[in-house]
Amino acid sequence: MSSSFDRTLSGEDVLRRRASLLQRLHIDGPLLLLLLTLGAVGLFILWSAGGKHWGLLFKQATSFGIGLLAMVVIAQIEPRLMARWAPLAYTGGVGLLLGVEFFGYTAMGATRWINIPGVIRFQPSEFMKLIMPITIAWYLSGRSLPPSFKHLAIALALIGVPFVLILKQPDLGTAMLVLVSGAFVLYIAGLRWLWITSAVAAAVPIAVAMWYFVLHDYQKQRVLTFLDPESDPLGTGWNIIQSKAAIGSGGVFGKGWLFGTQSHLDFLPESHTDFIIAVLSEEFGMVGVCLLLVVYLLLIARGLVITVQAQTLFGKLLAGSITLTFFVYVFVNIGMVSGLLPVVGVPLPFISYGGTSLVTLLSGFGILMAIHTHRKWIAQV
């Protein structure tokens, strides 16, 4: 009887020690578990979508490891320090975007990268997905809310500069995500509904102006393809038609891992990047997609809990924006692959291949962990 009690007590001690270790490292256990689950699922699906390519798998696993390290490091930073360094980070981020404008590396018709030969190639616009909400949260947290017209105008200017620079690369998907990440901070800060409805009303003339003066021909074609993909089934409509065919052919339970035909017979382009959920749907069916969505929803729910429990205005604004922007990531990718939205080049979080995006996502969750585990800091930013 006593030995059984000792074993139970020993097990409880182990759990206590694990919890204590996570607390000392400022790591949120539920978030970590969900992120590791998504990372494992991503590598599992990438092995099939990438044609059993060891190189892709190794690079993605390495990026995930670097992202986890970045997440742990960022989780150690108190939110007040993030707020203090926000102006410098914003200035540096805009400076890097200007560097892309003048000295950027061009690939596939777009100039989005800074390339240091033999050292690294990275995409500065990815960093703005985090720098933007931090900057707007820092700016608004020191002012009365809801924001006045003056403060709203300044915040919109801070959002607009990187948005325009990223749009010129051109990278509409990332530009929209940067815009959304800043806009969510404004929304959580209590933006007046009059201004929100005014912005919605202004969206139509702005969209018309963008169509004629901003969007490139290939971006316009994406919109036209979204409206009628069958108009060019062997050209611009090919991706959407094949992705919907892959999604539908999976049925309820799918064809089985490595047995997808659309991707393995090269009918589905970009199967390991933006369209990877079509591979998952074909091989694991509706059940597999629903299970993935459950993990995403749990991750978003945890982010919202952290937002509600944040003890500072800066923390609430920042945590809410990161969580809601992550939701937009998932919604836009699944929407565009299933034909509900135009294709804008947004990867599926933790599943699509892409190193910089993966590191940025995990860094964002590191910020959430920092906000949650440094809750004893209650000084106003």
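Residues numbered from 1 in each chain as written. Predicted model: local features only at pLDDT ≥ 70, side-chain atom pairs only at ≥ 80, totals over all residues. Heavy atoms only, no water.

**What to know about helix H4 (residues 79-103)**
Between its terminal C-alpha atoms H4 stretches 33 Å, which fits the 36 Å expected from 25 residues at 1.5 Å a residue. At Ala86, H4 shows its largest bend, some 50 degrees, and a proline, Pro87, comes one to four positions later. Regarding H4, the residues found buried are Pro79, Met82, Ala83, Ala86, Tyr90, Gly93, Val94, Leu97, Gly99 and Val100. Looking at the packing, one finds that the buried side of H4 touches helix H3 (54-75), strand S2 (110-116), helix H5 (124-141), helix H6 (149-167), helix H13 (313-337) and helix H14 (355-373). (Helix = DSSP H or I, 4+ residues; strand = E, 2+ residues; numbered from the N terminus. Expected span 1.5 Å × (residues − 1). Bend = angle between axes of the 7 residues up to and from the residue. Buried < 20%, exposed > 50% of the residue type's maximum accessible area, 1.4 Å probe, protein only. Contact = heavy atoms within 4.5 Å.)

**Regarding the side chain of Thr307**
Residue position: Thr307 is located in helix H12 (residues 276-309). Since its relative accessible area comes to 12%, Thr307 is described here as buried.

**A few points about the nonpolar core**
The biggest cluster of nonpolar side chains holds 93 residues, and the ones touching the most others in it are Ile136, Leu299, Leu318, Phe326, Phe350 and Ile367. If we skip the residues at most four places from it in the chain, Leu299 touches Leu31, Leu34, Leu35, Leu38, Phe326, Phe350 and Phe365. (Core = buried A, V, L, I, M, F, W, Y, C linked by side-chain atoms within 4.5 Å.)

**Some details on the pattern of salt bridges**
Enumeration according to the criterion identifies five salt bridges in this entry. In this structure, Lys129 engages Glu126 in a salt bridge whose closest nitrogen and oxygen atoms are separated by 2.9 Å. Highlighted residues: Lys129 and Glu126, both in helix H5, separated by three residues, approximately one helical turn. The two residues Lys129 and Glu126 agree in class, both being buried. (Salt bridge = Lys/Arg side-chain N within 4 Å of Asp/Glu carboxyl O.)

**A word on the sheet that holds strand S3 (residues 120-122)**
The strand order S1-S2-S3 describes an open sheet built from three strands, whose pairing is antiparallel. Looking at strand neighbours, the two that pair on one side only are strand S1 (105-107) and S3, the edges of this open sheet. Between one strand axis and the next, the sheet turns by 40 degrees as a mean value, whatever way the strands run. In terms of strand pairing, S2 meets S3 through three bridges, oriented antiparallel. Residue Ile116 lies in a different strand from S3, and its bridge partner there is Ile120. H4 contacts S1, S2 and S3 of the sheet and is inclined by roughly 100 degrees relative to S2. (Pairing = 2+ DSSP bridges. Axes fitted to C-alpha atoms, helices over the stretch in contact; angles between N-to-C directions.)

**A short note on the packing of aromatic side chains**
Taken as a whole and judged by the stated rule, the model has 13 aromatic pairs. Relative to Trp193, the ring of Tyr187 has its centre 6.4 Å away and its plane inclined at 85 degrees; by these criteria the two rings are edge-to-face. Look at Trp193 and you get exposed, because its relative accessible area is 57%. Through a chain of ring-to-ring contacts, the aromatic side chains of Tyr296, Phe326, Phe350 and Phe365 assemble into a single cluster. (Phe/Tyr/Trp six-rings, centres within 6.5 Å; stacked < 30°, edge-to-face > 60°.)

**As for the environment of Gly182**
When you line up the elements, Gly182 lands in helix H7 (residues 172-188). A residue is classified by how much of its surface remains accessible, and Gly182, at 0% relative accessible area, is buried. Between the C-alpha atom of Gly182 and that of Ala155, which follows or precedes it by 27 residues, the distance is 8.3 Å. Apart from the residues lying within four places of it in its own chain, the contact partners of Gly182 are Met132, Ile136 and Ile159.

**Things to note about the confidence of the model for the chain**
When pLDDT is averaged along the chain, the result is 85; 93% of the residues meet or exceed 70. In the predicted structure, residues 4-9 sits below a pLDDT of 50 and forms zero contacts with residues beyond four places in sequence or in another chain. Contacts from residues 377-381, a stretch scored under 50 in pLDDT, to residues over four places away or in other chains number 12 contacts. (pLDDT = per-residue confidence, 0-100.)

**Overview of the packing of helix H2 (residues 29-49) against H14**
One way to put it is that H2 packs onto H14 with a least axis distance of 10 Å and a crossing angle of 170 degrees. With respect to their mutual orientation, H2 and H14 come out roughly antiparallel. Where H2 crosses over H14, the two elements pack in a sense that is right-handed. Between H2 and H14, the contacting residues are Leu31, Leu32 and Leu35 on the first element and Leu362, Phe365, Leu368 and Met369 on the second. Each residue belonging to the contact of H2 with H14 can be placed in one class, and the counts come to seven nonpolar, no polar and no charged. (Parallel < 35°, antiparallel > 145°, perpendicular 65-115°, else oblique. Left-handed = near helix turned anticlockwise from the far one by under 90°. Nonpolar A, V, L, I, M, F, W, Y, C, P; charged D, E, K, R; others polar.)

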